[in-house]
Amino acid sequence: MFRSKKGMGIGVKLLHTSDLHIGKRVNEFSMIEDQEHILKEMLKVVDEHKPDGFLIAGDIYDKGIPGVEAVSLFDWFLTELHIRNLAVFIVSGNHDSSERIDFGGRIMEENNIHIAGTYNGELQKVTIKDEFGPINIYLMPFIKPATVRRFYPDLVIETYEEAVEGIIDNCDINISERNLLVAHQF
C-alpha cells in the first residue's frame, strides 16, 4: 500500500499484488478454491483500508490459455473491484498471453480498469490526482528484448535490463511530478 507522506493529508492509497497464477494446478490438484479464498481476503483488505486503486503486476493466470474457471474467477474479482469504485491497473506477466489480457481493455478503461497486455512501442500512462497534484502511473507489460528491439532499432538491446532501460530512456517522464511504474520483469 502506498500513502503519500507529503503534508498532512494521506494522499492516494494503492494496494499492490502480482503473481496470482489463477488456474494453477499442483500435482493435478486445482488451486482454484484456494485462489478464490485469497481473492476474497484481498477484498476484505480493500473494504477495510479503502484504497483509491489496485495494482496487479502480472501473472494473472498460470498459463497463456487459462481455463474457464480461471477466467470466470478473475472476471468476478475485477467486477468486485469495480463495484468498490477502485481504479484498477493491470499489466501482463510472463505467464499471461498479452493479447488475451488486452481483450476488452478499451471498454474496461471507460470503467477505470486500465490494462497493458502488449507493449506497442510506448508505455501506457494513466494520470490520477490527489490533494498534492498528479501521479503518473505507467503500465509496462512483460516485455522481451526482441519485442522492444523492433521499436528502437538504433539501440543495442540484448538483455531484459537493456529492454527496460530502452523503454524508460525513450519515455517522456516528467521528473517534477510523482511517477509510478507497474511492471512484471525479471
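As the structure is a computational prediction, the values presented were derived from the model and not from experiment.

Calculation rules
Residues numbered from 1 in each chain as written. Predicted model: local features only at pLDDT ≥ 70, side-chain atom pairs only at ≥ 80, totals over all residues. Heavy atoms only, no water. Buried < 20%, exposed > 50% of the residue type's maximum accessible area, 1.4 Å probe, protein only. Helix = DSSP H or I, 4+ residues; strand = E, 2+ residues; numbered from the N terminus. Pairing = 2+ DSSP bridges. Right-handed = clockwise from strand over helix to strand, strands pointing away. Lys, Arg positive; Asp, Glu negative; His and termini not counted. Salt bridge = Lys/Arg side-chain N within 4 Å of Asp/Glu carboxyl O. Polar contact = N/O pair within 3.5 Å; in protein donor to acceptor, adjacent residues only side chain to side chain. Contact = heavy atoms within 4.5 Å. Expected span 1.5 Å × (residues − 1). Phe/Tyr/Trp six-rings, centres within 6.5 Å; stacked < 30°, edge-to-face > 60°. pLDDT = per-residue confidence, 0-100. Core = buried A, V, L, I, M, F, W, Y, C linked by side-chain atoms within 4.5 Å.

Enquirer: How do you make sense of the pairing of strand β5 (residues 53-57) when you look at a structure like this?
Expert: For a regular strand, the rule is simple: side chains alternate between the two faces of the sheet. The element β5 is largely enclosed, with a buried count of 5 among its 5 residues. Side chains Gly53, Leu55 and Ala57 of β5 all project onto a buried face; the interleaved residues Phe54 and Ile56 project onto the opposite face, where all are buried too. Of the pairings in the sheet, the one linking strand β2 (residues 13-17) to β5 comprises 4 bridges and is parallel in character. Each residue of the ladder has a partner; that of Thr17, found in β5, is Ile56. Across 5 bridges, β5 lies against strand β6 (residues 87-91) in parallel orientation. Looking at β6, one finds that Leu55 is bridged to Phe89. Assessed by its sense of winding, the connection that carries the chain from β5 through helix α2 (residues 68-83) to β6 is right-handed.

Enquirer: Which parts of the structure should I look at to understand the side chain of Asp59?
Expert: Note on placement: Asp59 falls in the loop between β5 and α2. Lys24 is the oppositely charged side chain nearest to the buried, salt-bridge-free Asp59, at an N-O distance of 9.2 Å. Only 3.2 Å separates the side chain of Asp59 from the side chain of His184, close enough to count as a polar contact. For Asp59, the residues in contact, after removing those within four places along its chain, are Asp19, Leu20, His21, Ser92, Gly93, Asn94, His95, Asp96 and His184.

Enquirer: What am I meant to see in helix α1 (residues 32-49) here?
Expert: Since one α-helical turn is 3.6 residues long, residues separated by three or four positions face the same way. Look at α1: 26 Å from first C-alpha to last across 18 residues, which is about the 26 Å you get at 1.5 Å a residue. In this structure, the buried residues of α1 make contact with β2, β4 (29-30), β5 and α2. Positive backbone phi, approximately 50°, marks Lys50, located one or two places after α1.

Enquirer: How do you make sense of the packing of aromatic side chains when you look at a structure like this?
Expert: The description of an aromatic ring pair rests on the distance of the ring centres and on the angle between the ring planes. Summed over all chains, the structure comprises 4 aromatic pairs. Centroid distance Phe54 to Phe77: 5.6 Å. Interplanar angle 75°. Geometry classified as edge-to-face. Of this pair, Phe54 sits in strand β5 while Phe77 sits in helix α2, and the two are 23 residues apart along the sequence. Neither Phe54 nor Phe77 differs from the other in exposure class; each is buried. Aromatic pair Tyr119 and Phe151: ring centres 5.4 Å apart, planes at 90°, arrangement edge-to-face. Of the two residues, Tyr119 sits in the loop between β7 (113-116) and β8 (124-130) while Phe151 sits in the loop between α5 (145-149) and α6 (160-169), which places them 32 residues apart along the sequence. Since its relative accessible area comes to 3%, Tyr119 is described here as buried.

Enquirer: I would appreciate a short explanation of the confidence of the model for the protein chain in the present structure.
Expert: For any part of a model where pLDDT is low, the fine detail of the predicted coordinates should not be relied upon. Within the protein chain, residue pLDDT values average 89, and 95% of them lie at 70 or more. The low-confidence segment residues 1-8 (pLDDT under 50) makes 21 contacts with residues lying over four places distant or belonging to another chain.

Enquirer: Would you take a moment to explain the nonpolar core for this structure?
Expert: In a soluble, globular protein the nonpolar side chains are often hidden away together inside. Membership of the largest hydrophobic core comes to 24 residues, with the highest contact counts inside it found for Ile22, Phe54, Ile56, Phe74, Phe77, Leu81 and Ile90. Looking at this core, the elements that each hand over two or more residues are α1, β5, α2, β6 and β7. Here this core gets 6 residues from one element, more than from any other, and that element is α2. Leaving out residues up to four positions away in the same chain, Ile22 has contacts with Ile32, Gln35, Leu39, Ile60, Tyr61, Asp62, Ala70, Leu73 and Phe74. Core analysis: the next-biggest nonpolar cluster, separate from the first, contains 14 residues, Leu14, Leu55, Ile128 and Val182 among them.

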